[in-house]
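# Fold and contact review
In case you want the letters, here they are:
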Amino acid sequence: MAKQNTVFKDAFNRCLKLLAETSALPSEPELGATLGVSRTTIRAILARMEELQLIAWNKRAKAVLRQPKAEDYYPAEETDSLSEIIERSFMRRILAGGAEPGMQINELELARDIGTGTTSVREFLIRFSRFGLIEKRPNSHWILKGFTREFALELTEVREMFELRSAASFAVLDADHPAWQELDRIEALHQEILADIDNRYRDFSELDERFHLLVHKSSSNRFIVDFYDIIAIVFHYHYQWNKANARERNARALEEHLAYIAALKTRDVAQIEAACKRHLRSARETLLQSIQ
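Residues numbered from 1 in each chain as written. Predicted model: local features only at pLDDT ≥ 70, side-chain atom pairs only at ≥ 80, totals over all residues. Heavy atoms only, no water.

Bringing the pattern of salt bridges into the picture now. It is possible for side chains bearing opposite charge to pair when their charged atoms get close. Tallied over the entire structure, the rule returns 15 salt bridges. Salt-bridge contacts for Glu107 lead to Arg122; the nearest nitrogen and oxygen are separated by 2.7 Å. Linking Glu107 in helix H5 (residues 107-114) with Arg122 in helix H6 (residues 118-129), this pair joins segments that are 15 residues apart in sequence. Judged by relative accessible area, Arg122 falls into the partly exposed class, the value being 29%. In this structure, Glu187 and Lys265 form a salt bridge, with 2.5 Å as the shortest nitrogen-oxygen distance. With a gap of 78 residues between them, Glu187 in helix H8 (residues 178-195) and Lys265 in helix H12 (residues 246-266) connect regions that are remote in the sequence. Since its relative accessible area comes to 35%, Lys265 is described here as partly exposed. What emerges from the salt-bridge pattern is a single network uniting Glu182, Arg185 and Arg210. (Salt bridge = Lys/Arg side-chain N within 4 Å of Asp/Glu carboxyl O. Helix = DSSP H or I, 4+ residues; strand = E, 2+ residues; numbered from the N terminus. Buried < 20%, exposed > 50% of the residue type's maximum accessible area, 1.4 Å probe, protein only.)

We now examine helix H3 (residues 39-51). Compared with an ideal rise of 1.5 Å per residue, which puts 13 residues at 18 Å, H3 spans 18 Å between its outermost C-alpha atoms and is within 8% of the ideal. Here H3 has its buried residues at Thr41, Ile42, Ile45, Leu46 and Met49. All buried residues of H3 project into a common sector of 140° when viewed along the axis, lining one side. Facing away from the buried surface of H3 by more than 90 degrees, the exposed residues are Thr40 and Glu51. (Expected span 1.5 Å × (residues − 1). Arc of directions from axis to C-beta.)

Turning next to the pairing of strand S4 (residues 134-137). Bridge analysis of S4 against strand S5 (residues 141-144) gives 4 bridges, and the strand direction is antiparallel. Across the sheet, Arg137 pairs through a bridge with His141, a residue of S5. Adjacent in sequence and paired antiparallel, S4 and S5 are bridged by 3 residues, among which Asn139 carries a positive phi angle near 60°. (Pairing = 2+ DSSP bridges.)

The structure is reproduced here in structure tokens:
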């Protein structure tokens, strides 16, 4: 069900973009071919557009009534792939559970929360288990494990290589690439949290994941993006196991992110590399302190 909803919402958003660029919509078969979805999904999209009074739909006739607004679109987090939905739900479950070593993860419960089959959840957990941070137990249970200082040092070394490569790729994205708009939204959220840091410092973990994943995706390298699974768990959720100075730590990271974002917007590779290295060095030190 989650996958079907995702397909619909993603196709709906892409159809709105088509509508914004034209004064008329093509036939249902043409729309289906353009968006890569079934006629059933196209009809559901048209019905939703009619409900929002974007179009007047009468059989083959589709009269455009108004242009789409920002609020007409589904949020980006609702149009992710099934694997991204499972990953996000898995990480939120860890956060909600306190991320204690030895914490149990039940694939049946996780699948029920997401609204998908256990096979997809099991595949994600098996793929993730190769890093040694979770371990399979009988009866569909998994155990969250701790990790060593040596593991952390190896991880940070690879992270720095991959992120520097990704940050350099971000600098050369086209001006109309959607990543720049997402970067603006992420920057605004950083400023909102900093303005109310005493009450919202716990919101940093998910925003941190969102920002760094955006940077990694700009590499267009599937291995770099896949590697981010392990980065997210270690750098974001291991911090939850050691909550000392969380407010100060997160406030400093937010400020480093803003400097990093400002550097990305200059498109100057030297500035980007300096800001990226500064932030990653700080993250490395914080991570090592958390396991001492």
